[in-house]
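Observations on the three-dimensional arrangement
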Amino acid sequence: MKILTVNDIQRLIAIVGIEAFFNQLMSALKQDFARWHAFYKSARHATHYAHGVIELMPCSDDRLYTFKYVNGHPGNTSEGKLNVIAVGQLSEVVSGYPLMICEMTLLTAFRTAAAGALAASYLARPESGTLAIIGTGAQAEFQVLGFNGVFPLRRIRFFDADAGAMRKFAGNLSAYPFELIPCRSIKEAVREADIIVTATAAKQRQTLFTLDDIAPGTHIQAVGGDCPGKTELGHALLSATKLVVEYTPQALVEGEVQQCDADDVYAELWELVGGLKPGRERADEITVFDSVGFALEDFSILRLVYELACEHHLGTDMPLIPEVQDPKDLFGLLSP
């Protein structure tokens, strides 16, 4: 079984390149969302605590099975720890044997950004050049670079209540050819933006901005609302938009649409990818992708990373599964 550490993922991205990796990941996501009915799907299993949440996210087809362990602990950052960390496993269905255990903290950030960019390719105006991002924490740079692979971004407007997070964000993106525009408020940041990404960590109901604060034709990528009782957009705004989710049963519990009824959801992402429903239909249409994160996205990135790790000889093969001459004699492994 192959073990991929954080160092292995860093080496993989250095070999492939961030832009090329995003391109390959979006292709993998598109392929998998297009065969939606080939997957065994369920909402993630979440255990909620007063200070955070721990989740298991399984998904499989008839060939591969994946699951991810992931948390969300907003208070961690004050102690120098990450809010979200994750580990994933890829197994073969025919035997049930695991093929790979892999770090997924970095990979979750990549797949979240890539899934949002994929949805935006159907929902945002193709000429979108100004992106506003609210919340410049661990996810922010990935979001910008994911969208940059699809749209001709020129201006990045950004705001965070933490001035240090804004400085970090600007420093990390200083080498890219964007005009980086720090803003003093959310309303200032979203004004005249073509695409808005909301990625705040506060575990509470919020209304970051209203319909009056944004321009006609805006596309909103709502990332932060990802558990019961945590939202970033108000019901009045959602009611005036074309609303797309990943997996309705999960989104109704965890996403922005926990404020809505199932009938308020226009489509699931696979329906846009498969051509069953059109995405954006008017230039002035306001669209929302309610991105809570779905296990199919983890499936896509784990299978891609396994293929790339094999191709580039990355990772360490470790004997975590017993090898026996007689499969009925497990106890024999303990004999001297």
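Computed from a predicted model, the values in this text were never measured in an experiment.

As for the pairing of strand β5 (residues 86-92)
Of all seven residues that make up β5, five are buried, and the element is covered over most of its length. In terms of strand pairing, strand β4 (residues 64-72) meets β5 through seven bridges, oriented antiparallel. Its bridge partner lying in β5, Thr66 is registered against Leu90. Between β5 and strand β6 (residues 98-103), which pair antiparallel and follow one another directly, the connecting turn spans five residues, one of which, Gly96, has a positive phi of 80 degrees.

Considerations on the sheet that holds strand β3 (residues 52-60)
The seven strands lie next to each other as β2-β3-β4-β5-β6-β1-β15, forming an open sheet whose pairing is mixed. The outermost strands of the open sheet, each flanked by one partner alone, are β2 (45-49) and β15 (316-317). Direction of pairing for β3 relative to β4: antiparallel, over a ladder of eight bridges. Paired with Glu55 across the bridge in β4 is Val70. Contacting β1 (2-4) and β6, helix α1 (residues 6-16) crosses the sheet at an angle of about 80 degrees to β1.

Digging into unusual backbone geometry
Trans is the prevailing form of peptide bonds, just as negative phi is the prevailing case for residues other than glycine. At Glu192, a position not held by glycine, the phi torsion is positive, near 65 degrees. Topologically, Glu192 is positioned in the loop between α6 (186-190) and β10 (195-198). Backbone geometry at His313 places phi at a positive 55 degrees, although glycine is not the residue there. Topologically, His313 is positioned in the loop between α10 (295-311) and β15. A relative accessible area of 70% means that His313 is categorised as exposed.

Description of the sheet that holds strand β13 (residues 267-268)
Taking strand neighbours across the sheet as the criterion, the eight strands line up as β9-β8-β7-β10-β11-β14-β12-β13 in an open arrangement whose pairing is parallel. Across the chains shown, the open sheet's two edge strands, defined by having one partner strand only, are β9 (179-182) and β13. Of the strand pairs in this sheet, β10 and strand β11 (residues 219-222) are connected by four bridges, and their pairing is parallel. Bridge pairing in β11 places Ile195 opposite His219. Lying on the sheet, helix α3 (residues 105-123) is in contact with β11, β12 (242-245) and β14 (287-290); it crosses β14 at an angle near 155 degrees. Contacting β7 (130-134), β8 (155-159), β10 and β11, helix α4 (residues 140-148) crosses the sheet at an angle of about 160 degrees to β7.

Observations regarding the layout of surface pockets
The volume enclosed by the second largest pocket comes to roughly 190 Å³. Around the second largest pocket, the lining residues are Ile13, Ile18, Phe22, Leu106, Phe110, Glu141, Phe142, Leu145, Asn172, Leu173 and Tyr176. Looking at the lining of the second largest pocket, the elements that each hand over two or more residues are α2 (18-34), α3 and α4. Ranked by residues supplied to the lining of the second largest pocket, first place goes to α4 with three residues. The residue inventory of the lining of the second largest pocket, partitioned by class, reads nine nonpolar, one polar and one charged.

Looking at a nonpolar patch on the surface
On the surface, a cluster of nonpolar side chains totalling about 390 Å² of accessible area is made up of Leu56, Tyr69, Leu82, Ile85 and Val87. Look at Ile85 and you get partly exposed, because its relative accessible area is 33%.

Definitions and limits used
Residues numbered from 1 in each chain as written. Predicted model: local features only at pLDDT ≥ 70, side-chain atom pairs only at ≥ 80, totals over all residues. Heavy atoms only, no water. Buried < 20%, exposed > 50% of the residue type's maximum accessible area, 1.4 Å probe, protein only. Helix = DSSP H or I, 4+ residues; strand = E, 2+ residues; numbered from the N terminus. Pairing = 2+ DSSP bridges. Contact = heavy atoms within 4.5 Å. Axes fitted to C-alpha atoms, helices over the stretch in contact; angles between N-to-C directions. 1 Å grid on protein atoms, 1.4 Å probe; cavity = no way out; pocket = protein on both sides within 12 Å on 5 of 7 lines; lining within 4 Å. Points joined across faces, edges and corners; volume = space filled by probe spheres on them. Nonpolar A, V, L, I, M, F, W, Y, C, P; charged D, E, K, R; others polar. Patch = residues over 30% accessible without salt bridge, like charges linked within 9 Å, V, L, I, M, F, W, Y side chains within 5 Å. Areas by Shrake-Rupley, 256 points an atom, 1.4 Å probe, with all protein chains shown as cover. Salt bridge = Lys/Arg side-chain N within 4 Å of Asp/Glu carboxyl O.

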